[in-house]
Amino acid sequence: MTAIPMEHGLALAGVLFVLGLAGVLARRNIVFILMSIEIMLNAAGLAFVVAGARWAAADGQVMFFFILATAAAEVAVGLALVLQLYHRFHTVDADAASKMRG
Amino acid sequence: MSYIFYISAAVAVVATLLVVTRTHAVHALLYLVVSLLAVAMVFASLGAPLAAALEVIVYAGAIIVLFVFVVMMLNLGRHSVERERGWLAPSAWAGPTILCLILLGELFYVVACGGGAEVIEAAEVGPKEVGQALFGPYVLGVELAGMLLLAGLVGAYHLGRREALGEGEGEAPQ
C-alpha cells in the first residue's frame, strides 16, 4: 500500500470548498445555493476524514458523522424554505425575498 | 491505493465544477451525485470505510432524494434554463470567483509551506473503532445530533405546511 501526502487530501478539500463557496456567491437560484452549501459541508467533512486518516484515529470519522447529521437537518429545513419561497413569490430567485417584514 | 485517490479526486473536482456551472437543475443534481460518489471513493481510499458508506447512503441517497423531490415540485421547465443563463452573466460570477481563487491560492500556500511532509499511511480505521468512539467519549454529541435532527424534522414540517402561508397571498390551504 502506498502512502498519500496529507497536503493532497487537504488541497482536495480546499478546492471542493472553494467551488461550493463560489457557487453560493455567484448563483441566484436558491436550489443551486443549497446544493453549493452541501458541497461546502461535504468538503469540511473531507478535511476531517483526511486528518483522522493521518493519525489513524476514529475522531475524524466521528466529526464527519456529526457534519452529516447537521447537513441532513440543514437540507430538510432549507428545502422547506425553498418551497415556501416558491409558493409565496412563484420564483426561485433568492433576491425575491430581500425584504423583512413583521 | 494512491491511484484510486487521485483519480477519484479528479472526478470529484470536475463533477463539482459542473454542478456549480450547470443551468439545468436536474443535470446539476446528477453531477452532484457523481461528485459525492467520488468523494466516497476518496474516503474508501483513505481507509475510512464507514464514512464512505455513510456518504453513499445519506448524501448520495437521502439528501439527493430530497433535492429531486423539491426540483420535481418546483416544476422548473425550459424557460428556467434560459433565465438561469441570463443570471449567469460573466459580470455576475467573475468577481466572486476571482476572490475565491485568491483565497484558494492562500490556502495552498499555507498548506504547502506549513511544516514537513505529513504522509497518510493507508491504515484502515474500521466501523468498530468509530462506533466505540461514537458511543464512548462522544455519546453526548450523538444525543445532541439526535435532538438537532428532531428539531430539523419539526422545523421542516412546520415550514412545509401550506397553512404556514401568509393570509391573503398564495393558494388556499389544502
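Check the entry above for the structure.
Reading the values: rules and limits
- Residues numbered from 1 in each chain as written.
- Chains lettered and ligands numbered in written order.
- Predicted model: local features only at pLDDT ≥ 70, side-chain atom pairs only at ≥ 80, totals over all residues.
- Heavy atoms only, no water.
- Helix = DSSP H or I, 4+ residues; strand = E, 2+ residues; numbered from the N terminus.
- Buried < 20%, exposed > 50% of the residue type's maximum accessible area, 1.4 Å probe, protein only.
- Contact = heavy atoms within 4.5 Å.
- Phe/Tyr/Trp six-rings, centres within 6.5 Å; stacked < 30°, edge-to-face > 60°.
- Lys NZ or Arg CZ within 6 Å of the ring centre and 35° of its normal.
- Buried area = accessible area lost by both parts, 1.4 Å probe.
- Salt bridge = Lys/Arg side-chain N within 4 Å of Asp/Glu carboxyl O.
- Nonpolar A, V, L, I, M, F, W, Y, C, P; charged D, E, K, R; others polar.
- Pairing = 2+ DSSP bridges.
- Expected span 1.5 Å × (residues − 1).
- Axes fitted to C-alpha atoms, helices over the stretch in contact; angles between N-to-C directions.
- Parallel < 35°, antiparallel > 145°, perpendicular 65-115°, else oblique.
- Core = buried A, V, L, I, M, F, W, Y, C linked by side-chain atoms within 4.5 Å.

(A) Focus on the environment of Met6(A). Looking at where Met6(A) falls in the secondary structure, it is placed in helix α1 (residues 6-26). Given a relative accessible area of 9%, Met6(A) falls into the buried group. Residues within four places of Met6(A) in sequence aside, it is in contact with Val50(A), Ala51(A), Arg54(A), Trp55(A), Glu118(B), Val119(B) and Ile120(B).

(B) Inspection of the packing of aromatic side chains at higher detail. The final tally for this structure, using the stated rule, is four aromatic pairs over all chains. Pairing Phe66(A) with Tyr138(B) gives two aromatic rings, centres 6.3 Å apart and planes at 65 degrees, and the pair type is edge-to-face. Here Tyr138(B) lies in the loop between α6 (127-134) and α7 (139-160) and Phe66(A) lies in helix α3 (residues 59-89), a pairing that spans two chains. Judged by its relative accessible area of 15%, Phe66(A) is buried. Taken together, the ring pairs in this structure connect Phe65(A), Phe66(A) and Tyr138(B) into an aromatic cluster. We note Arg27(A) situated over the ring of Phe32(A); from NZ or CZ to the ring centre the distance is 3.9 Å.

(C) Region of interest: the interface of chain A and chain B. Listed as interface residues are 72 residues of chain A and, on the opposing side, 85 residues of chain B. Contact between chain A and chain B buries roughly 7,100 Å² in total, counting both sides, with carbon and sulfur atoms accounting for 76%. One salt bridge connects Arg27(A) with Glu84(B), and the closest N-O pair in it is separated by 2.7 Å. Elements with a minimum of two residues in the side of chain A that touches chain B: β1 (4-5), α1, α2 (30-54) and α3 of chain A. With 25 residues, α3(A) is the largest single contributor of residues to the side of chain A that touches chain B. Its residues placed into classes, the side of chain A that touches chain B shows 49 nonpolar, 14 polar and nine charged. In this structure, β1(A) lies alongside strand β1 (residues 119-120) of chain B, joined through two bridges in antiparallel fashion. In the sheet register, Ile4(A) faces β1(B), and the bridge partner there is Ile120(B).

(D) Main features of helix α5 (residues 90-113) of chain B. With 24 residues, α5(B) should cover 34 Å at 1.5 Å per step; its first-to-last C-alpha distance of 33 Å lies within 8% of that length. Those residues of α5(B) that sit buried are Pro96(B), Cys100(B), Leu104(B) and Val111(B). In the core, the buried residues of α5(B) are packed alongside α1 of chain A.

(E) Seen up close, helix α2 (residues 25-45) of chain B. Under the 1.5 Å per step criterion, the end-to-end length of α2(B) is 30 Å for 21 residues, consistent within 8% with the ideal 30 Å. Where α2(B) ends, the next residue or the one after it, Gly47(B), has phi of about 80 degrees, a positive value.

(F) Highlighting the packing of α2(B) against helix α3 (residues 49-74) of chain B. All names here are of chain B. Close contact between α2 and α3 brings their axes to 8 Å; oriented N to C, the two are set at 170 degrees. What the angle tells us is that α2 and α3 run roughly antiparallel. On the side of α2, the interface is formed by Ala25, Val26, Leu29, Leu32, Val33, Leu36, Leu37, Val39, Ala40, Phe43 and Ala44, while α3 contributes Ala51, Ala52, Glu55, Val56, Tyr59, Ala60, Ile64, Phe67, Val68 and Val71. Tallied by class, residues from the contact of α2 with α3 come to 20 nonpolar, no polar and one charged.

(G) Structural detail: the nonpolar core. Ranked by internal contacts, the top residues of the largest apolar core, which has 53 residues, are Met35(A), Leu46(A), Leu32(B), Phe43(B), Leu46(B) and Phe67(B). Looking at this core, the elements with two or more residues in it are α1, α2 and α3 of chain A together with α1 (2-21), α2 and α3 of chain B. Take this core: its biggest share by element is twelve residues, from α3(B). Not counting the four nearest positions on each side in its chain, Leu46(B) is found in contact with Ile4(A), Val50(A), Ala53(A), Phe5(B), Ile120(B) and Ala123(B). Grouped together as the second largest cluster of nonpolar side chains are eleven residues, Val62(A), Ala69(A), Tyr138(B) and Val142(B) included.

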